[in-house]
Amino acid sequence: MANQPDLPWIPVRRTAPAHPADWVTGFDVGAVRVATPFLLAPMSGVTDTAFRCTVLEASGAESVGLLTTEFISIELLTRGHLRTHMRLAFDPSVERPLSVQLFGADPQRMAEAARIAVDAGAQLIDINCGCPAPKVVRRGGGAELMRTPLDVARIVAAAAEAVPVPVTLKMRSGWDETLRNAVEVAQVAVDAGAQMLAVHGRTRAQLYSGAPDWQVVDAVAESVPVPVIGSGDLVTAEQCLARMKRTRGAGVMIGRAAIMNPWIFGQIADLVAGRRPRVPGAAERLALVRAFDERLCAYLPPKAVPGRLKQLLARLSKGVEGGGLLRKLAMHARERGALMAEVSAFFEAAEAGTLTSWEAHARRALAEQTR
Ligand SMILES: Cc1cc2nc3c(=O)[nH]c(=O)nc-3n(C[C@H](O)[C@H](O)[C@H](O)COP(=O)(O)O)c2cc1C
């Protein structure tokens, strides 16, 4: 196991480069080129093909280094569960490179699931070692693997042997305060064949509370000879760039901020190029929601669409004038057509500068619905 901080293939930056473009050129994971170090984090219930394509459209495909699916159960995938197989759906014309994230604890099933994912088009296989959900942890998967590094080795080795694409791992900083063992898990995983690691700098016990620990990302980056990606609480394009300048890792992942602001990767690219970061107007926001709606309708059962639309709207309308009222109105809408009509009316009013009369309409509509 390599334990040298300055191995030539680790992008090490102790001082800020003369121009950001010098260090935002990305890295390789095996034969897969990750062209920029800004990656979309996997988010269950969010990062399906509709959302990923929406981010690519808003930001520009060239500004996102790597896309990852929501996590996928190896138990359900290998048993042919239809809705689980749908999580493998992607658009090969734009969603490149694409990593499929798998969770579970059984090495043979992991190998079989990895083969299924690669047959479906995955260019990388990512193994989830970070999910804190009790139903995942109870069965030995997700963050539970932080407590059983030997199982990590078995699972990674089985997957790496089964498929010709790189196998990677996403983990937490540890299980809890008493077991902050990300470096140990990282070394075990790389010895077993992992070719990239992502670290969310919180323990399983922290869930999403407290500040993420970016020192652990650096410690992991210095302990393994593969690209290491940091994750946690990057909210603005400026923060992403500042973090990228400081981290010893090869890249950063952006999760929740991409729901609120699918343009964030494009904004980072703007900053890197020395341009003022793009600010989407109301018309652009409406076009984005409509395109997202179309994509959802193309592959989800109709009754699943309003929930996903509300999820995007809940974040997308944050900090936007009148957004609070839109969220309230949207939450009451049961049917997709009615929801999209409210969304259109809101953004069209914002674009035309007639939000005051829209607000009067919205208040009346809300009063009627809650009567
Ligand atoms: C709704 C939600 C779902 C998530 N699902 C996954 C997942 O399926 N796999 C995974 O490795 N991490 C998952 N995460 C963790 C994120 O990838 C990321 O590491 C974490 O949210 C911190 O980054 P952020 O502050 O940029 O969101 C999820 C996070 C959220 C908020």
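Located above this text is the structure these notes cover.
Since this is a predicted model, take the numbers as computed values, not measurements.

(A) Quick look at the site of the ligand. In the neighbourhood of the ligand, 16 residues make up the surrounding shell, with Pro42, Ser44, Gln101, Ser231 and Asp233 lying closest. One nitrogen or oxygen atom from the side chain of Asn128 is found 3.2 Å from a nitrogen atom belonging to the ligand. Arg256 places a polar side-chain atom, nitrogen or oxygen, 2.8 Å from an oxygen atom of the ligand. Isolated, the ligand exposes 610 Å² of accessible area, and the fraction of that covered by the protein chains is 87%. Looking at the shell around the ligand, its residues break down into six nonpolar, seven polar and three charged.

(B) Local environment of the nonpolar core. Ranked by size, the top nonpolar core spans 103 residues in total, and within it Leu102, Ile125, Leu169, Met171 and Leu197 carry the most contacts. Among the domains, domain 1 (20-272) and domain 2 (282-370) are the pair contributing at least three residues each to this core. With residues up to four places along the chain from it excluded, the contact list for Leu102 reads Ile72, Ile74, Leu77, Met110, Ala113, Ala114, Ile125, Asp126, Ile127 and Asn128.

(C) Main features of the pattern of salt bridges. Using the criterion set out here, one finds 18 salt bridges in the structure. Its salt-bridge partner being Arg256, residue Asp233 comes within 3.1 Å of it at the nearest N-O pair. Of the two residues, Asp233 is situated in the loop between strand S10 (228-231) and helix H9 (237-246) and Arg256 in helix H10 (residues 256-260); the sequence distance between them amounts to 23 residues. Several salt bridges converge on common partners, so that one network encompasses Glu75, Arg79 and Arg109.

Rules of the game
Residues numbered from 1 in each chain as written. Predicted model: local features only at pLDDT ≥ 70, side-chain atom pairs only at ≥ 80, totals over all residues. Heavy atoms only, no water. Near = heavy atom within 4 Å. Polar contact = N/O pair within 3.5 Å; in protein donor to acceptor, adjacent residues only side chain to side chain. Areas by Shrake-Rupley, 256 points an atom, 1.4 Å probe, with all protein chains shown as cover. Nonpolar A, V, L, I, M, F, W, Y, C, P; charged D, E, K, R; others polar. Core = buried A, V, L, I, M, F, W, Y, C linked by side-chain atoms within 4.5 Å. Buried < 20%, exposed > 50% of the residue type's maximum accessible area, 1.4 Å probe, protein only. Domains from an automatic or database assignment. Contact = heavy atoms within 4.5 Å. Salt bridge = Lys/Arg side-chain N within 4 Å of Asp/Glu carboxyl O. Helix = DSSP H or I, 4+ residues; strand = E, 2+ residues; numbered from the N terminus.

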